[in-house]
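# Summary of structural features
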Amino acid sequence: MTWWRRRLGAAAGLVTCLALAGCASDAGVHARRSDDPPVDTTPITEATTTTTTTTTTTSVPITLPTTTMPPTTTAAPTTEAPTTTEAPTTTVGGIAAGWVDGAGPPGILDGCCEFLWTGVPSPAFPDDPAAPLADGLYSATVATPWTSDQPNQLTIEVHRIDQCIVLGDDACEYGGPYGDTDVSSAPEPVRTVTITLDDHVAVVLGGFDGCAPVTKTANGNDIAGLFAAFGSAYSTVIGDPITAGVPEEDIVAALAEAPTAGFQVAEPSCAAGLLVFTSDSAPPLLLQTLTGYTDDGSRPLLTPTDLIRLVGFDQHNGLTTLAFYAGFLS
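Small disclaimer: the values here were computed from a predicted structure and weren't measured. (Residues numbered from 1 in each chain as written. Predicted model: local features only at pLDDT ≥ 70, side-chain atom pairs only at ≥ 80, totals over all residues. Heavy atoms only, no water.)

### Quick notes on the overall build of the chain
Check the secondary structure of the chain and you find eight helices and 12 strands. Here the chain displays about 16800 Å² of accessible surface, and carbon together with sulfur accounts for 58% of that area. (Helix = DSSP H or I, 4+ residues; strand = E, 2+ residues; numbered from the N terminus. Areas by Shrake-Rupley, 256 points an atom, 1.4 Å probe, with all protein chains shown as cover.)

### Thoughts on the pairing of strand E7 (residues 212-219)
Two elements, strand E1 (residues 100-101) and E7, share two bridges in a ladder whose sense is antiparallel. Of the residues in E7, the one forming a bridge with Val100 is Thr217. Where strand E6 (residues 201-209) meets E7, eight bridges bridge the pair, whose relative direction is antiparallel. The residue of E7 that forms the bridge with Phe208 is Pro213. Turn length for the E6-E7 hairpin, with the two strands adjacent in sequence and antiparallel, is two residues, and the turn residue Gly210 shows positive phi of about 70 degrees. (Pairing = 2+ DSSP bridges.)

### Re the packing of helix H6 (residues 220-243) against helix H7 (residues 248-257)
The geometry of H6 relative to H7 is characterised by a closest axis approach of 10 Å and an angle of 150 degrees between their N-to-C directions. Comparing the axis directions of H6 and H7 gives the class roughly antiparallel. Crossing geometry of H6 relative to H7 is assigned as right-handed. Packed against H6, whose contacting residues are Val237, Ile238, Pro241 and Ile242, the element H7 presents Glu248, Ile251 and Leu255 at the interface. The residue inventory of the contact of H6 with H7, partitioned by class, reads six nonpolar, no polar and one charged. (Axes fitted to C-alpha atoms, helices over the stretch in contact; angles between N-to-C directions. Parallel < 35°, antiparallel > 145°, perpendicular 65-115°, else oblique. Left-handed = near helix turned anticlockwise from the far one by under 90°. Contact = heavy atoms within 4.5 Å. Nonpolar A, V, L, I, M, F, W, Y, C, P; charged D, E, K, R; others polar.)

### Looking at the state of the cysteines
Applying the stated criterion across every chain yields a total of three disulfides. Covalent S-S linkage joins Cys112 and Cys113, the inter-sulfur distance amounting to 2.2 Å. Handedness here is read from the sign of the S-S torsion; for Cys112 and Cys113, about -90 degrees, the answer is left-handed. There is no split in this pair, since Cys112 and Cys113 are both buried. Across a sulfur-sulfur distance of 1.6 Å, Cys211 and Cys270 are joined as a disulfide pair. Judged by the sign of its S-S torsion, about -90 degrees, the bond between Cys211 and Cys270 is left-handed. One end of the pair, Cys211, is in the loop between E6 and E7; the other, Cys270, is in the loop between strand E8 (263-265) and strand E9 (275-277), with 59 residues separating them in the sequence. Here the cysteine-cysteine linkages of the chain are recorded as 1-2, 3-4, 5-6, numbering only bonded cysteines and doing so in sequence order. (Disulfide = S-S within 2.5 Å. Buried < 20%, exposed > 50% of the residue type's maximum accessible area, 1.4 Å probe, protein only.)

Right, here's the structure in full:
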């Protein structure tokens, strides 16, 4: 059983206890299986006024072509080279700030919630670990949780997406037979990359508004700002009370009575979770549980990247796009 299934099993129990509602499936965010590229003329003039015409007229035509032709042939490639190398650079100019409706590159959120979805394999990793990845769509996770100490830096792990007929049941989990377009995240190989979250990185975020999924796009600065906003509010409203021994039920009840710091109780009719966190125009973040779950039974407090989970990495024409998901997990 995978970690998130164990978490969600426990999370479902907590939702039932606190929200008094059962789990619901959100078809809007779940992927389905595939079966359901100047000639100087001065010498010539002077030569015709002398009696040595034969000598000068035979040497000048030979000299002129050899001295003027090489510059003509070398100038063309010199002027074309900068145009070819600089073109990709101009495509990765600053991405406008602010959250706007949008889905990002096709399929970038497909791996949000399942171990098997429909898609195509990622390009092969280069043999040289220092070489850049080929343009394509990959699966990704956060390697080191985001912290406010380095707010614009995120270290991630990039995995290839591969066919389930190649990966087998250990990766795809549901068992075959698999179609050619049934894919999943390959456990190996892994490429660790440190990303600078700025306006040269595009971001896609899937959240949960009311009872429906919502997806918006922004840039790296925007997601860093959302990490900071959630981290601060969560620590004050949820983390500190839990650490002090306040029961989670009491925290939810207090927020139902008086929403604060961006937190409010999730729509009960959705039976999707406990709380929703909203910051400015970013997609609302759904908290199905107030804490995390581990194999040893402990309940660690959530970090921003525990809730806002990285699921996809897309690279095309020099532009990197990171896809995060904080919606409904069935």
